[in-house]
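Structural characterization, general
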Amino acid sequence: MEFAVLFKGVPNFLLYLALGSALLAAFFVVYLWVTPHDELRLIRSGNSAAALSLGGAVIGFILPLGMVIAHHATLLSVTFWGIVALIVQVVAFFVARALVPGLPQAIEGGKVSVGAFSGLVSLTIGILNAACQIE
């Protein structure tokens, strides 16, 4: 195999990696703005509940994004589905919050069971979102 053939896909790889990274950064900004607790501060202070909750939301966001990229979608469709995945994860947070009254306070208080449940809701909805992306 020629050396040039090995690197043929590098420009597209870099484009999709840059777009995916930008969408992930946008997800962090929006999600951290929407939630009433400061996950990053809580995580830095050792709060496992916040880490589980945010971790589930990140995975729930990145799964659909990864699926659309893996299926050789256009940059426009990746952007569209990335925005959809972001919105779905925000909705997932509010679903978890409706199911567990006082969820933000429980996460702030370090209740691991609540953080794990919130993360599980986000992850489950993210898997469902990924499976429903039909173009």
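Placed above this text is the structure.
Here goes a summary of the coordinates provided. In this text, all values refer to a predicted model and were calculated from it rather than measured experimentally.

**Comments concerning helix α7 (residues 112–132)**
Taking 1.5 Å of rise per residue, 21 residues should cover 30 Å, and α7 covers 30 Å from first to last C-alpha, within 8% of that figure. By the burial criterion, the buried members of α7 are Val 114, Gly 115, Ser 118, Gly 119, Val 121, Ser 122, Gly 126, Asn 129 and Ala 130. All buried residues of α7 project into a common sector of 165 degrees when viewed along the axis, lining one side. Pointing more than 90 degrees away from the buried face of α7 are the exposed residues Ser 113, Leu 128 and Ala 131. Buried-residue contacts for α7 involve α2 (10–34), α4 (48–70), α5 (75–99) and α6 (103–108).

**With respect to the packing of aromatic side chains**
Scanning the entire structure with this criterion turns up six aromatic pairs. Geometrically, the ring pair formed by Phe 27 and Tyr 31 is stacked, given 5.2 Å between the ring centres and 25 degrees between the ring planes. Remark: Tyr 31 and Phe 27 occur in helix α2; sequence separation between them is four residues, near one turn of the helix. Ring centres of Tyr 31 and Phe 93 lie 6.1 Å apart, and the angle between their planes is 80 degrees; this geometry places the pair in the edge-to-face category. One end of the pair, Tyr 31, is in helix α2; the other, Phe 93, is in helix α5, and 62 residues separate them in sequence. We classify Tyr 31 as buried; its relative accessible area is 1%.

**Description of the side chain of Ser 122**
Looking at where Ser 122 falls in the secondary structure, it is placed in helix α7. Sequence-distant contacts of Ser 122, defined by excluding residues within four places in its chain, comprise Tyr 31, Gly 56, Ala 57, Gly 60, Gln 89 and Ala 92.

**Observations regarding the nonpolar core**
Formed by 29 residues in total, the largest nonpolar core has its most connected members in Phe 27, Phe 61, Val 78, Leu 103 and Ile 107. Of all elements in the fold, only α2, α4, α5, α6 and α7 reach the threshold of two or more residues within this core.

**Topic: the environment of Leu 40**
Looking at the secondary structure, you find Leu 40 in helix α3 (residues 39–44). Using a relative accessible area of 30% as the deciding quantity, one classes Leu 40 as partly exposed.

Criteria and cut-off values
Residues numbered from 1 in each chain as written. Predicted model: local features only at pLDDT ≥ 70, side-chain atom pairs only at ≥ 80, totals over all residues. Heavy atoms only, no water. Helix = DSSP H or I, 4+ residues; strand = E, 2+ residues; numbered from the N terminus. Expected span 1.5 Å × (residues − 1). Buried < 20%, exposed > 50% of the residue type's maximum accessible area, 1.4 Å probe, protein only. Arc of directions from axis to C-beta. Contact = heavy atoms within 4.5 Å. Phe/Tyr/Trp six-rings, centres within 6.5 Å; stacked < 30°, edge-to-face > 60°. Core = buried A, V, L, I, M, F, W, Y, C linked by side-chain atoms within 4.5 Å.

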